[in-house]
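Structure assessment
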Amino acid sequence: MTAYKKPWFKRKRTWFSLFFLICMGLFLSTLPKELPRNVAYLAKAYSEPEIAEGALEIVKSNPKIIALLGELKPMSQFDMLEGSVGYSKEGDSVAITIHVRGDKKKKKVRANMDVLAQKINNKWEYINIQVRIKGPVELKQTIPILDKQ
């Protein structure tokens, strides 16, 4: 008669768990210290979508943007994740960079919209809006849309 032998994982689970915890600790220690702040900024920007959507409406009326990108598509939920968000310490000003897309599919034009806004009397007012055309190389440029600085 043969003796019952425990499965490999049950025999090694203590060592495996210890190895996993050490790896997670090393991974978490290499993350940038700004990560929790950036996650908080993204959450705050998601709770105030009118900032980016209002800026997009202003950009949609620019004829140069329409000529390059076509009619701009509405922003998706993931566009904010692809970009960046930064709030002031007081939370009364914000800088947002968001990827924008047009309906022209002939040219694969990549563009970002940079928005600088300030909260005055509980309403967001735009200080600066610009669109950076990132590619293709022959179209690379920055188009100022609004500048109140």
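Please refer to the structure placed before this passage.
The sections below set out a description of the structure shown in this document. From a predicted model like this one, the values you see are computed outputs, not experimental measurements.

1. Here we look at the pairing of strand 3 (residues 110-120)
The sheet contact formed by strand 2 (residues 93-100) and strand 3 spans 8 bridges and is antiparallel. From the neighbouring strand, T97 faces strand 3, where its bridge partner is D114. The turn linking strand 3 back onto strand 4 (residues 123-135) is made up of 2 residues, and N121 within it adopts a positive phi angle of 55 degrees.

2. Observations concerning the pattern of salt bridges
Per the stated rule, a full pass over the model turns up 2 salt bridges. Here K60 and E57 are joined by a salt bridge, their closest N and O atoms 3.4 Å apart. Placement of the pair is K60 and E57 together in helix 3 (residues 50-60), with a separation of 3 residues, close to one helical turn. With its nearest N and O atoms 2.6 Å apart, the salt bridge here joins R132 to D114. Taken together, the positions of R132 in strand 4 and D114 in strand 3 put the pair 18 residues apart, joining distant regions of the chain.

3. Description of the sheet that holds strand 5 (residues 141-147)
Overall, antiparallel pairing links the 5 strands, which are arranged 1-2-3-4-5 in an open sheet. Whereas interior strands pair on both sides, the edge strands pair on one side only; in this sheet they are strand 1 (84-87) and strand 5. With direction set aside, neighbouring strand axes in the sheet form an average angle of 15 degrees. When strand 3 meets strand 4, the two strands line up antiparallel, connected through 11 bridges. Directly across from K119, in strand 4, lies its bridge partner W124. Across the sheet, helix 3 lies against strand 1, strand 2, strand 3, strand 4 and strand 5, angled at about 65 degrees from strand 4, the strand it touches most.

Rules used throughout
- Residues numbered from 1 in each chain as written.
- Predicted model: local features only at pLDDT ≥ 70, side-chain atom pairs only at ≥ 80, totals over all residues.
- Heavy atoms only, no water.
- Pairing = 2+ DSSP bridges.
- Helix = DSSP H or I, 4+ residues; strand = E, 2+ residues; numbered from the N terminus.
- Salt bridge = Lys/Arg side-chain N within 4 Å of Asp/Glu carboxyl O.
- Axes fitted to C-alpha atoms, helices over the stretch in contact; angles between N-to-C directions.
- Contact = heavy atoms within 4.5 Å.

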